[in-house]
Amino acid sequence: MHATESEEYGMFKGSNEPDRKYFDFNDIRLKIESETDRLAGKKGLTVDAILLDIYSPNVLDLTLVDLPGAVRTVAEGQDLDTPAKIQQMILRYIAQPNCIILAVSAANNDLAVSDAIALSQQVDPKGERTIGVLTKLDLMDEGTNARRIITGEDDSAPKLKLGYIGVVNRSQKDIIDHRSITDAREKEAQYFASEPAYRSLFARMGTQHLVTRCSEQLVQAIQRELPTISKKLNALIHQKKQELRALPDTQPATLRSMMTEVIHAFIEEFNGLIDGLKKSAGFEDTSELVGGARIEALFSSVFRQEIFDLFVFNGGDASIAEDNIRILMKNTKGLGGGLFMDNAALDKMIANQIERFRDPSIKCARMVFEEMSKLQSKAIDQVAVLGAFPKARLAIIEVVTRVLSGQHEKTVDHLNTFVEMNCHRINYDHPDFDSVRVMHEVELRRFGDEENEEEKTLLLKAHSGQELTSEEKAKVRGIMERRQRASQGQQPRAADGGTVSSHFQGGMSAPPTNNTTVGAGLGAGSLVRQTSKDMESQRLHHFLKTISPKEQTQVEQVVALTDAYFDLSKKAFVDQVGCHANFIF
């Protein structure tokens, strides 16, 4: 409410017509109803306030908050938590220490159970800023009145230092008949002047006295808080003066050079955080890694550990069973098979494993990008002068963020290319890839370690393709014949533990006659005639499931060689991913 010498009118600053003036208070009442429906619905509740400014010569400069009345039950269609929400809303406003609480209660009800009084006592237990407002004095039972409560003589009523004030509001009939506020005030005054119980209290009763009392309390609150307000205001003025004195010279002639210095200061801070050479703010903190040291830890610890935790055939789609390896080897040999293991199968196996480095590498680049973004914020905070130029600060943030995002995308592209390069180019001539040693170890595991050191050395020499003397060749033949004799009597085994011959003896050696009954589990009396196509399918299945000693050795060699190359690739990725990210960022 705003005291003014002009005519009375109201404005809804928060509505869809904030500049419209309402000169008819009936229109204001209708507007309040429509705004309530718009914000809360017919039976809803909202924390959004309806802001109404009243300009009148008949009011005081005062802010009045009209809160919903506390309820204990809900109507049909309302949320069950409506009472709790209303209570939270009321407490949020009346908890403010500078707020004067008008605890409105019906005089014809027991004040001991008044929700308004109970809520006010939660935030104002001494009753120092609560005024009790008693309504419906004209509706009390015959022979009863609220005089003793208003005079403070009723010991059963809650004690309030600011006392109680009685008012008589418009009845529902008055509202329907559109009785004006002025007429309602006159009717209220007539009631208190004529009612014997309140006649002597006439000066302390009515809406006009309530307005005056609120104004007095407002003045007293201002006087009480004025020293604190003045102290805060003076401190704020002093702070702003210091900020003004700290502002640099912004004359057009020096503005460009000053902005250049600001940018250079930011670059110096940013580089200092990354390089660890400058004692910027935050380097004194020994509780955690900061700046470039944190990024280095991502490379040397986090990413490194994630890569070295990967093992051949231990992760999801990268796991390949023994049968799959054999089928892959057969497919790469094509028609006619072959005597020796084909590189294509090994290439495919190694490429599948190297592909697993892609996600950890891209994840590492993302973590570096996030750390760089944090360093950007820290560096900007260290350039104090940017606090006086919020637009310049925002522009630097936008530019640096755009650059970092672009470099991050480039890093991801480089890492994807790096993975694909390693998948397409398997370097078997790498000096650290000792394929001879790996295959020799496979043979030792397969045939045992019965050779002495001299024979082990001789076999390793033979595996590596070195030239042998006639005597050495004879010894190698002797070792191989000894191994062959040790394995004599063993037939090629199948994947289920049987032998190839046992599978054929189980019913595949002779085609069934037309009267052969198979598939007994399909039901009593069901007959299935096995066609030549069925026989082909069964024989192909057993062929694929049959593992010869030669194939078993080749499978073990593929796994061992893949594992060796995978370990070699781990070191390359741990070394190169950090280099790629460091170079591009």
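Residues numbered from 1 in each chain as written. Predicted model: local features only at pLDDT ≥ 70, side-chain atom pairs only at ≥ 80, totals over all residues. Heavy atoms only, no water.

Novice: For this particular structure, what's the right way to read the side chain of Asp53?
Specialist: Looking at where Asp53 falls in the secondary structure, it is placed in strand 3 (residues 53–56). Put simply, Asp53 is tucked away with no salt bridge, and the nearest opposite charge, on Lys13, sits 4.1 Å away. Within the local environment of Asp53, its side chain forms a polar contact with the side chain of His2, the two groups lying 2.8 Å apart. In contact with Asp53, not counting residues within four places along its chain, are His2, Tyr9, Gly10, Met11 and Lys13. (Helix = DSSP H or I, 4+ residues; strand = E, 2+ residues; numbered from the N terminus. Buried < 20%, exposed > 50% of the residue type's maximum accessible area, 1.4 Å probe, protein only. Lys, Arg positive; Asp, Glu negative; His and termini not counted. Salt bridge = Lys/Arg side-chain N within 4 Å of Asp/Glu carboxyl O. Polar contact = N/O pair within 3.5 Å; in protein donor to acceptor, adjacent residues only side chain to side chain. Contact = heavy atoms within 4.5 Å.)

Novice: Would you explain the sheet that holds strand 6 (residues 164–166) in this entry?
Specialist: Within a sheet, adjacent strands bond to each other through the backbone by hydrogen bonds, running parallel or antiparallel. With parallel pairing, three strands are arranged side by side in an open sheet as 4-5-6. With partners counted over all chains shown, the strands left at the sheet margins are strand 4 (101–106) and strand 6, one partner each. Geometrically, the sheet is characterised by an average inter-axis angle of 25° between neighbouring strands, direction not taken into account. Summarising the sheet, strand 4 and strand 5 (residues 130–135) pair through six bridges and their orientation is parallel. Within the sheet, the bridge partner assigned to Ile101 lies in strand 5 and is Thr130. Contacts between helix 8 (residues 207–246) and the sheet are confined to strand 4, strand 5 and strand 6, with strand 5 contributing the most and set at about 175° to the helix. (Pairing = 2+ DSSP bridges. Axes fitted to C-alpha atoms, helices over the stretch in contact; angles between N-to-C directions.)

Novice: I keep staring at the packing of aromatic side chains and nothing clicks. Help me out?
Specialist: The description of two aromatic rings rests on the distance between their centres and on the angle between their planes. Following the criterion strictly, the structure yields 13 aromatic pairs and no others. Judged by centre distance (6.3 Å) and plane angle (45°), the ring pair of Tyr191 and Tyr198 falls under tilted. In this structure an aromatic cluster arises from ring pairing among Phe357, Phe418, Phe566 and Phe573. A cation sits over an aromatic face here: Lys21 above Tyr9, 4.7 Å from the ring centre. Taking NZ or CZ as reference, Lys570 lies 4.6 Å from the ring centre of Phe311, over its face. (Phe/Tyr/Trp six-rings, centres within 6.5 Å; stacked < 30°, edge-to-face > 60°. Lys NZ or Arg CZ within 6 Å of the ring centre and 35° of its normal.)

Novice: What is the right way to look at the nonpolar core in this model?
Specialist: Counting 56 residues, the largest nonpolar core has Phe266 and Ile354 as its most contacted members. Taken together, the elements giving at least two residues each to this core come down to helix 9 (252–275), helix 10 (291–308), helix 11 (322–333), helix 12 (343–354), helix 13 (358–382), helix 14 (390–424), helix 15 (435–447) and helix 20 (549–584). Of the residues forming this core, the biggest block, 11 residues, is contributed by helix 20. If we ignore the near neighbours within four places in the chain, the residues touching Ile354 are Val419, Asn422, Cys423, Ile426, Tyr565, Phe566, Ser569 and Phe573. (Core = buried A, V, L, I, M, F, W, Y, C linked by side-chain atoms within 4.5 Å.)

Novice: Sorry, what's going on with the packing of helix 9 against helix 13 here?
Specialist: Each pair of packed helices can be described by the angle between their axes along with the distance between the axes. Packing of helix 9 against helix 13 leaves a shortest axis separation of 8 Å and a crossing angle of 130°. With respect to each other, helix 9 and helix 13 are oriented oblique. The hand of the helix 9/helix 13 crossing is right-handed. Here Phe266, Glu269, Phe270, Leu273 and Ile274 of helix 9 lie close against helix 13, whose contacting residues are Met372, Leu375, Gln376, Lys378, Ala379, Ile380 and Gln382. In terms of residue class, the contact of helix 9 with helix 13 is made up of eight nonpolar, two polar and two charged. (Parallel < 35°, antiparallel > 145°, perpendicular 65-115°, else oblique. Left-handed = near helix turned anticlockwise from the far one by under 90°. Nonpolar A, V, L, I, M, F, W, Y, C, P; charged D, E, K, R; others polar.)

Novice: Whenever I open this one, the confidence of the model for the chain confuses me. Can you help?
Specialist: If pLDDT is low for a region, its predicted coordinates should not be looked at in detail. Of the residues in the chain, 78% reach a pLDDT of 70 or more, and the chain-wide mean stands at 77. Segment residues 489–533: pLDDT under 50, and 46 contacts once partners within four positions in sequence are set aside and those in other chains are kept. (pLDDT = per-residue confidence, 0-100.)

Novice: Any chance you could explain the packing of helix 13 against helix 14 here in plain terms?
Specialist: Running from N to C, helix 13 and helix 14 cross one another at 165°; their axes reach a closest spacing of 10 Å. The orientation of helix 13 with respect to helix 14, classified from their angle, is roughly antiparallel. Our pair here, helix 13 against helix 14, has a crossing hand that is right-handed.

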